Amino acid sequence: MIIGGKLGDLKGMRSFVGVLITQALMLFVVLGVGLFIFWFPNFESSQSRYSSIFGVFLIAFASALVFLMIWTLLIKFTEEWWSIIAVDRVSKWMIIPLYAAIGVAFLACIWSLLAVVKSGDESFTSTYNPIIPSLAVVLTTGIPLAASSFLTLLGVKRILTLKKNMRLFESSVSNTESEGLSRIRASINAEKGIGSTFARPEPKGFYFAGLTSKPWYESEELEWIAEFEDSFDDILAEATAIMSNLGDDIENYGYQGLNTESWKKVSLVANREENQENLAACPVTASLLKKIPGYPIFRDAMFSILEPGGVITPHRDYGNLFLTMHFGLIIPPSGYMEVANMQRNWQAGKALVFDSSYNHQAVNDSDQSRVILLVDFLNPDMSDQERQWVLDAPFWKA
Ligand SMILES: [Fe+2]
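Everything numeric in this text was worked out from a predicted model, so none of it was measured. (Residues numbered from 1 in each chain as written. Predicted model: local features only at pLDDT ≥ 70, side-chain atom pairs only at ≥ 80, totals over all residues.)

J.: Go over the sheet that holds strand β6 (residues 311-315) with me, naming the residues and quoting the values.
T.: Reading across the sheet, the 4 strands line up as β6-β11-β8-β9 and stay open at both edges, with antiparallel pairing between neighbours. Only two strands of the sheet have a single neighbouring strand rather than two, namely β6 and β9 (342-344). Geometrically, the sheet is characterised by an average inter-axis angle of 15° between neighbouring strands, direction not taken into account. When strand β8 (residues 336-339) meets β9, the two strands line up antiparallel, connected through 3 bridges. Counterpart to M337 in the pairing with β9 is R344. (Pairing = 2+ DSSP bridges. Helix = DSSP H or I, 4+ residues; strand = E, 2+ residues; numbered from the N terminus. Axes fitted to C-alpha atoms, helices over the stretch in contact; angles between N-to-C directions.)

If you want it as structure tokens, here you go:
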């Protein structure tokens, strides 16, 4: 993977600043219109004046409410974009002023509505003092406006710092293509928003605490893989035979995140249930699978066929209990697996091993089918006792 292109979205930082600027502009308009109505009242009746005042407070109330909802949703991402300090900052400087603004705008709405109703009452309207509603407008819009302007400035400063850092990082790897630096390139690209897969660990479902977390494993880290590599010819022969026997009966994998129905499978084990018929048809493969610690606690063991042009779009699998092995059987000249923004190519007779709780995608951009033996096996960090717990768990889905 080569570093290139312009600076991307910097992990959504620009959207974050975009929301802040939109909020500041909107509140600025409400503030301007509000103050204009209070200080230059040229209405024929006091009722129309109070109706306009009510309108201003209603807009201020609604906009504060909308932005509170937006920030409540964004606060989780704020941490990703901008660290935990930002969550603290946004909570203090944005959420609290918005709650205050909502409270004041709500009271002001009630007050102005009362004024509309009582506009014929001379004793009420004679007490009207534009300072009070003006102060309310400043409180309801001015405080969140000041907060969003402050945070916008910090956001812009952060973007400039990130850009500067990225330029320095880029220049440090720009004159080498060394494979040994591929993780550094992947990190810089992820930071810049380049690449299809999100680079940070984030399992979708049950998170098993304390397991090693890394996107790619080397096959030497799992001693049983060597036997698969030694038996490549036999596994390939069994896969070819069972696929030609099944012909059109080969199942669709039925996965949603596909560009077409291009992912097919010949299942050997699915959700720890052995497919006795298919295992019997592939004795060498079956005997090798049985040597994987934890057998048959697999999510899937299957011959996985990705047809020409097939793309399994970026996604994370459920939980982090399993690692995935792709053992290359029939491999076209192009196509790749991408995990956490790092690409590796399938090779016939070689295994790729990755943690599918990281964002990953598979691309077959060739005009031939790609066939692998796919096995989701228990993370080797799990102890025998923990494996037994998984086996005995009354219900689990992974
Ligand atoms: Fe997956």
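J.: Run through the packing of helix α4 (residues 131-173) against helix α5 (residues 182-191), naming residues and quoting values.
T.: Between two packed helices, what matters for the description is the angle formed by their axes and the separation of those axes. It is at 11 Å that the axes of α4 and α5 come closest, and there the two elements cross at 150°. Judged by the inter-axis angle, α4 sits roughly antiparallel to α5. Between α4 and α5 lies a crossing whose hand is left-handed. The residues of α5 that touch α4, namely those facing M166, F169, E170 and V173, are I184, R185, I188 and E191. (Parallel < 35°, antiparallel > 145°, perpendicular 65-115°, else oblique. Left-handed = near helix turned anticlockwise from the far one by under 90°. Contact = placed C-beta atoms within 7 Å.)

J.: Outline the nonpolar core, listing residues and values.
T.: Counting residues in each nonpolar core, the largest one holds 51 residues, and the members touching the most others are L289, L373, V375 and F377. Ranked by the residues each element gives to this core, the list is headed by strand β12 (residues 370-378), at 7 residues. Aside from chain neighbours lying at most four places away, what touches L373 is I235, A239, T285, F303, F327 and L329. V17, A60, A101 and L151 belong to the second largest nonpolar core, which has 31 residues in total. (Core = buried A, V, L, I, M, F, W, Y, C linked by C-beta atoms within 7 Å. Buried ≥ 20, exposed ≤ 12 C-beta atoms within 10 Å, placed from the backbone.)

J.: Let's hear about the environment of A241: which residues, and what values?
T.: Tracing the backbone shows A241 in helix α7 (residues 232-246). Looking at A241, the number of C-beta atoms within 10 Å reads 12, which means it is exposed. Considered as a pair, A241 and C282 are 41 residues apart in the sequence and their alpha carbons are 8.9 Å apart.

J.: Before we move on, could you go through the environment of V17 and cite the residues and values that matter?
T.: Along the chain, the position of V17 falls in helix α1 (residues 13-39). With 20 C-beta atoms packed within 10 Å, V17 lands in the buried category. Excluding residues within four positions of it along the chain, V17 makes contact with T152, G155, V156 and I159.

J.: Quick one: what's the story with α7, residue by residue and with numbers?
T.: With 15 residues, α7 extends 21 Å from end C-alpha to end C-alpha; this agrees with the ideal 21 Å at 1.5 Å per step. Residues of α7 that are buried: I235, E238 and A239. In a view along the axis of α7, the buried residues occupy a sector of 100°, so they form one face of it. Projecting away from the buried face of α7 at angles above 90 degrees are the exposed residues D233, A241, S244 and N245. On the buried face of α7, the contacting elements are α6 (225-230), α9 (283-289), β5 (300-306), β7 (322-330) and β12. Where α7 terminates, the next one or two residues include G247, which has phi positive at roughly 50°. (Expected span 1.5 Å × (residues − 1). Arc of directions from axis to C-beta.)

J.: Explain the domain arrangement of the chain residue by residue, including any values.
T.: Size of an interface: often given as the accessible area lost when the parts come together. Parsing the chain into structural domains produces domain 1 (13-169) and domain 2 (216-392). Here domain 1 and domain 2 have C-alpha centroids that lie 54 Å from each other. (Domains from an automatic or database assignment.)

J.: Can you explain unusual backbone geometry? Please cite residues and give values.
T.: Where the residue is not glycine, phi is negative for most of them; where a peptide bond is considered, it is trans in most cases. For the peptide bond that leads from Y295 to P296, omega is 0°, which places it in the cis range. Relative to the elements of secondary structure, P296 occurs in the loop between α9 and β5. Residue N341 is not a glycine yet carries a positive backbone phi of 75°. With respect to the helices, strands and loops of the structure, N341 is situated in the loop between β8 and β9.

J.: Explain the pairing of β8 residue by residue, including any values.
T.: Relative to strand β11 (residues 360-363), β8 runs antiparallel, the two being bridged by 4 bridges. Counted as the bridge partner of Y336 is V363 from β11. The turn linking β8 back onto β9 is made up of 2 residues, and A340 within it adopts a positive phi angle of 50°.

J.: How would you sum up the pairing of β7? Please name residues and give values.
T.: The buried fraction of β7 is high, at 8 of 9 residues. The sheet contact formed by β7 and β12 spans 8 bridges and is antiparallel. Residue G328 lies in a different strand from β12, and its bridge partner there is I372. Pairing of β7 with strand β10 (residues 351-354) involves 4 bridges; the strand directions are antiparallel. For T324, the partnering residue across the bridge sits in β10 and is F354.

J.: I'd love a proper account of α4, names of residues and values included.
T.: Its 43 residues place the ends of α4 61 Å apart at the C-alpha level, agreeing with the 63 Å of an ideal helix rising 1.5 Å per residue. Bending of α4 peaks at approximately 30° at the position of G142, with proline P144 no more than four residues after it. Turning to α4, its buried residues are P133, A136, V137, T140, T141, P144, L145, A147, S148, L151 and G155. (Bend = angle between axes of the 7 residues up to and from the residue.)

J.: Describe the environment of L160, naming the residues involved and giving the relevant values.
T.: Relative to the helices and strands, L160 resides in helix α4. Since 10 C-beta atoms lie within 10 Å of it, L160 is described here as exposed. When the C-alpha positions of L160 and F28 are compared, they lie 25 Å apart, and in sequence the two are 132 residues distant.

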